[in-house]
Amino acid sequence: DVGFEYEENNPVLRGVSFTVKRGQTVALLGATGTGKSTLMHLMQRLYDVKRGEIKIGGVNINAIQKKYLRSRIGLVLQEPFLYSRSVRDNVRIARPNAPDDQVFDAARVAAAHDFIGDFEKGYDTMVGERGVTLSGGQKQRVAIARTLIKDSDILIFDDSLSAVDAEIDAAIRDALREKREGTTTFIISHRLTTLSEADFIVVLEEGRVGQIGTHEQLIHQEGLYKRIYQIQSALEEELSADAG
């Protein structure tokens, strides 16, 4: 029954309720401003819930020290920030003493190891301010590797897979399932292929839970998810026809 507002009398979240089991992958879908990112920020106590409560393992997160809570949650944003350091140092910024094998393993899961290996200096390649020497998709994958090396209990991808193509997106999700079993994952995206394999999908509409279910359930229900599915499917068919 989570409710929240940044400004008085202008609620962003209204009575949001759902339960996630440890190790599940949950997808969040909704228009801009429906509260998807806000919900994730509340989970990390960047803001405190105004109404209702969020529990992890049965414990109200308001009883958990903020620093500890955030150390156990890994967040990958849509626009990652990279430092003017080597690729290696950017990956292990949260664990400066992490050995190379852990750096390489995190990069493999993030589908970054191969392109890093193609650089003349490999992991010793210097990254420009905000990662200007890398493409958008490459920056995103380095940021994902940086988050994975923390070995968090909860992972949040806040529209952060949109910068990579569908094939790389699928490869990262496959590797996460294989390597990070037991990690609870939240994925915010507008790409339904990214959301479709989640254990369940929460559709937010005007700050409320409009729909909840699996991909197969939601494409057979009248609502926002089905409408977006039909639009994206039609676009894919049109692109395939043009390519043919």
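An account of the accompanying structure is given in this report. (Residues numbered from 1 in each chain as written. Predicted model: local features only at pLDDT ≥ 70, side-chain atom pairs only at ≥ 80, totals over all residues. Heavy atoms only, no water.)

Some remarks on the side chain of Thr-125
Put simply, the test is: By definition, any uninterrupted DSSP run of H or I lasting at least four residues is a helix, any uninterrupted run of E lasting at least two residues is a strand, and each is numbered from the N terminus. Only protein chains enter the accessibility calculation, which uses a 1.4 Å probe. A residue is then buried if its area is under 20% of the maximum for its type, exposed if over 50%, and partly exposed in between. Identification of polar contacts relies on pairs of N or O atoms within 3.5 Å, with a donor-acceptor requirement for protein atoms, meaning one able to donate a hydrogen and the other able to accept it, and with residues adjacent in sequence counted only if both atoms are side-chain atoms. Here, two residues are considered to be in contact whenever any of their heavy atoms come within 4.5 Å of each other.
Relative to the helices and strands, Thr-125 is located in the loop between helix 5 (113-118) and helix 6 (136-148). According to the relative accessible area criterion, Thr-125 is buried, its value standing at 17%. Among the polar contacts listed, one links the side chain of Thr-125 to the backbone oxygen of Gly-122, at a separation of 2.7 Å. Once residues within four sequence positions are removed from consideration, Thr-125 is found in contact with Arg-85, Ser-86, Val-87 and Phe-119.

Describing the packing of aromatic side chains
Let me state the cut-off plainly: Pairing of aromatic side chains requires ring centres within 6.5 Å, counting the rings of Phe and Tyr and the six-membered ring of Trp. Pairs whose planes differ by under 30 degrees are stacked, by over 60 edge-to-face, and all others tilted. Placement of a positive charge over a ring is assigned whenever Lys NZ or Arg CZ falls within 6 Å of the ring centre and within 35 degrees of the normal to the ring plane.
A full pass over the atoms with the stated rule returns seven aromatic pairs. Pairing Phe-18 with Phe-200 gives two aromatic rings, centres 6.3 Å apart and planes at 75°, and the pair type is edge-to-face. Of the two residues, Phe-18 is situated in the loop between strand 2 (10-16) and strand 3 (25-29) and Phe-200 in strand 9 (residues 200-205); the sequence distance between them amounts to 182 residues. For Phe-18, a relative accessible area of 25% corresponds to the partly exposed category. Through pairs of rings, three or more aromatic residues link up here, namely Phe-4, Tyr-6 and Tyr-47. Taking NZ or CZ as reference, Lys-50 lies 5.1 Å from the ring centre of Phe-4, over its face. Just above the ring of Tyr-83 sits the side chain of Arg-85; from NZ or CZ to the centre is 5.7 Å.

Here we look at helix 6
Using the following cut-off: Here a helix's expected span is defined as the number of its residues, less one, multiplied by 1.5 Å.
Given a rise of 1.5 Å per residue, 13 residues ought to cover 18 Å, and the 19 Å separating the end C-alpha atoms of helix 6 matches this to within 8%. Burial of helix 6 is extensive: 12 of the 13 residues sit out of reach of the surface.

Some points on the sheet that holds strand 7 (residues 154-158)
Spelled out, the test is: In this description, strands pair whenever DSSP reports at least two bridges between them. Only the stretch in contact is used when fitting a helix axis, every axis being a line fitted to C-alpha atoms; angles between N-to-C directions are given from 0 to 180 degrees.
Strand order in the open sheet made by the six strands is 6-7-8-3-9-10, with mixed pairing throughout. Pairing within the sheet leaves two strands with one partner each, and these edge strands are strand 6 (73-76) and strand 10 (208-213). Each adjacent strand pair in this sheet contributes to an overall mean axis angle of 20°, direction not counted. For strand 6 and strand 7, the ladder comprises four bridges, and the chain directions are parallel. Across the sheet, Leu-75 pairs through a bridge with Ile-156, a residue of strand 7. The strands touched by helix 6 are strand 6 and strand 7; relative to strand 6, the strand with the most contacts, the crossing angle is about 175°.

Some thoughts on the side chain of Ser-152
Within the element layout of this structure, Ser-152 appears in the loop between helix 6 and strand 7. Not counting chain neighbours up to four residues away, the residues in contact with Ser-152 comprise Ser-71, Arg-72, Ile-73, Gly-74, Thr-147, Arg-180 and Thr-183.

Looking at the environment of Phe-81
Here Phe-81 lies in the loop between strand 6 and helix 3 (87-91). A residue is classified by how much of its surface remains accessible, and Phe-81, at 31% relative accessible area, is partly exposed.

Overview of the pairing of strand 2
Sheet faces and side chains relate simply in a regular strand, where the side chains alternate between the two faces. Bridge count between strand 1 (residues 2-7) and strand 2: four bridges; the pairing is antiparallel. Across the sheet, Val-2 pairs through a bridge with Val-16, a residue of strand 2. Where strand 1 folds back onto strand 2 in an antiparallel hairpin, the turn is made up of two residues, including Asn-9, whose phi is positive at roughly 65°.

What to know about the pattern of salt bridges
What counts here: What counts as a salt bridge is simple: a side-chain nitrogen of Lys or Arg found within 4 Å of a carboxyl oxygen of Asp or Glu.
Counting across every chain of the model gives 12 salt bridges. With its nearest N and O atoms 2.4 Å apart, the salt bridge here joins Arg-88 to Asp-124. Taken together, the positions of Arg-88 in helix 3 and Asp-124 in the loop between helix 5 and helix 6 put the pair 36 residues apart, joining distant regions of the chain. Taking relative accessible area as the criterion, Arg-88 reaches 13% and is therefore assigned buried. The partly exposed category is assigned to Asp-124, whose relative accessible area is 45%. Residues Arg-191 and Asp-169 are paired through a salt bridge, measuring 2.9 Å at the closest nitrogen-oxygen approach. With Arg-191 in the loop between strand 8 (184-188) and helix 8 (192-195) and Asp-169 in helix 7 (residues 166-179), the pair connects residues that are 22 residues apart, well separated along the chain. Residue classification places Asp-169 among the buried residues on the basis of a relative accessible area of 0%.

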